[in-house]
Amino acid sequence: MFTDHIKEATLKNHQQTEKVLIGKMKAMRSQQDYINLLNLFYGYFGALELHIERYINASNLADYEDRRKTSAIADDITALGAIIPALAADDKLPVIDNYLKAFGALYVIEGSTLGGKIISKMIQQHLHVEDGRGLSFFNSYGKHTEQMWAGFKEILNDVAMSPEDEEIITRAANQTFAKFEAWLAN
Ligand code: HEM
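Residues numbered from 1 in each chain as written. Predicted model: local features only at pLDDT ≥ 70, side-chain atom pairs only at ≥ 80, totals over all residues. Heavy atoms only, no water.

## A closer look at the coordination of the iron atom of the ligand
Donor atoms from the protein around the iron atom of the ligand number only one, His14 (NE2), found at 2.1 Å. In this fold, histidine 14 is placed in helix 1 (residues 2-26). (Donors = N, O, S within 2.8 Å, 3.2 Å for Na, K, Ca; no water. Helix = DSSP H or I, 4+ residues; strand = E, 2+ residues; numbered from the N terminus.)

Pasting the structure below:
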C-alpha cells in the first residue's frame, strides 16, 4: 500500500521534526512561548494551505471543508490575546505546482493531527491552560482523529495511480517536512 511506503520514506524527517518540537515544548515557560510556537505553525501551515487549495478542494477530497484549517491557529492566537503574524514567503515553502505535490504536502499537515494530541497534552503539562483555551488547533479532530486519518489515507492511496505519482507525492512530503524543519529553526 502506498501509505505504508510514504510513512517509511518520510520517517526520518518526521523524527527530526518531532525532536525539534519536543525540545521547544520542554523549554516552554510562559504563554508567550506557546504563542511563539503557534506563530511558527501559522506562518508555515497558513502559507502552505493557500498553495494546497489551488489543487485540492471538495471535488478531489470530498470532506476537505471539514478538515482542519489554519484558521484554527489564528483563532487560538487571538484567543490568547496576541496578533496574527505574517505568512511564510514562497521561498520558505515546498514547491506545490500540481495536485500530486499538493497531496504530498497535505499528507504532512493531516498527519500532524496525530501528533497534535500529544502536543496538546505536553502544552497543558508545561503551562496552565484554562478550559483548553488556545488549544483548538492541536486538539485536531478530537475523538474523530483516527477516523479522519483513515479516510485521508484511503483517498491518498487512490490518488497515487502509478509509481511515478507515488514518487512525486513522497518527494513533496519530504520537502514539506524539510522546509518546516528549516522554518522552525527561525
Ligand atoms: C511533538 C511532536 C510530534 C509528535 C510527538 C508526533 C507523534 C506522532 C505519532 C504518535 C504519530 C502516529 C504514528 C502511528 O500511528 O503510526 C504521528 C504520525 C504522523 N505525524 Fe507526527 N508527531 C509530532 C509532530 C508532527 C508534525 C509537526 C508533523 C508535520 C509537520 C507530523 C507529521 C506526521 C505525519 C505525516 C504522520 C503520519 C505517519 C503515517 O503515515 O502514518 N508530526 N506523529
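## Notes on empty space enclosed by the protein
Here the structure, examined in full by the defined rule, presents one cavity of 30 Å³ or more. One number sums up the size of the largest cavity: a volume of about 30 Å³. If you go around the largest cavity, the residues you meet are Glu49, Tyr64, Arg68, Leu106, Ile109 and Glu110. Broken down by element, the lining of the largest cavity gets its largest block of residues, three residues, from helix 4 (residues 99-126). (1 Å grid on protein atoms, 1.4 Å probe; cavity = no way out; pocket = protein on both sides within 12 Å on 5 of 7 lines; lining within 4 Å. Points joined across faces, edges and corners; volume = space filled by probe spheres on them.)

## With respect to the packing of aromatic side chains
Pairs of aromatic rings are described using the distance from one ring centre to the other and the angle between the two planes. Scanning the model with the defined rule gives 13 aromatic pairs in all. Considering the side-chain rings of phenylalanine 41 and phenylalanine 180, the 5.2 Å spacing of their centres and the 65° angle between planes classify their relative orientation as edge-to-face. Residue phenylalanine 41 is found in helix 2 (residues 31-52), and its partner phenylalanine 180 is found in helix 6 (residues 163-184); the two are separated by 139 residues along the sequence. For the pair formed by phenylalanine 41 and phenylalanine 180, the shared burial category is buried. Here the aromatic rings of tryptophan 149 and phenylalanine 152 are separated by 5.9 Å at their centres, their planes lie at 25°, and the arrangement is stacked. Pair noted here: tryptophan 149 and phenylalanine 152 are both in helix 5 (residues 145-159), with a separation of three residues, about one helical turn. A residue is classified by how much of its surface remains accessible, and tryptophan 149, at 11% relative accessible area, is buried. By relative accessible area, phenylalanine 152 is classed as buried at 0%. Three or more aromatic residues joined by ring pairs form one cluster here, namely Tyr34, Phe41, Tyr44, Phe45, Phe137, Phe138 and Phe180. One Lys or Arg, arginine 68, reaches over the ring of phenylalanine 137 and ends 3.8 Å from the middle of that ring. Between lysine 69 and the ring centre of tyrosine 64, over which it is positioned, the NZ or CZ distance is 4.0 Å. (Phe/Tyr/Trp six-rings, centres within 6.5 Å; stacked < 30°, edge-to-face > 60°. Buried < 20%, exposed > 50% of the residue type's maximum accessible area, 1.4 Å probe, protein only. Lys NZ or Arg CZ within 6 Å of the ring centre and 35° of its normal.)

The analysis is restricted to geometry; functional conclusions fall outside its scope.
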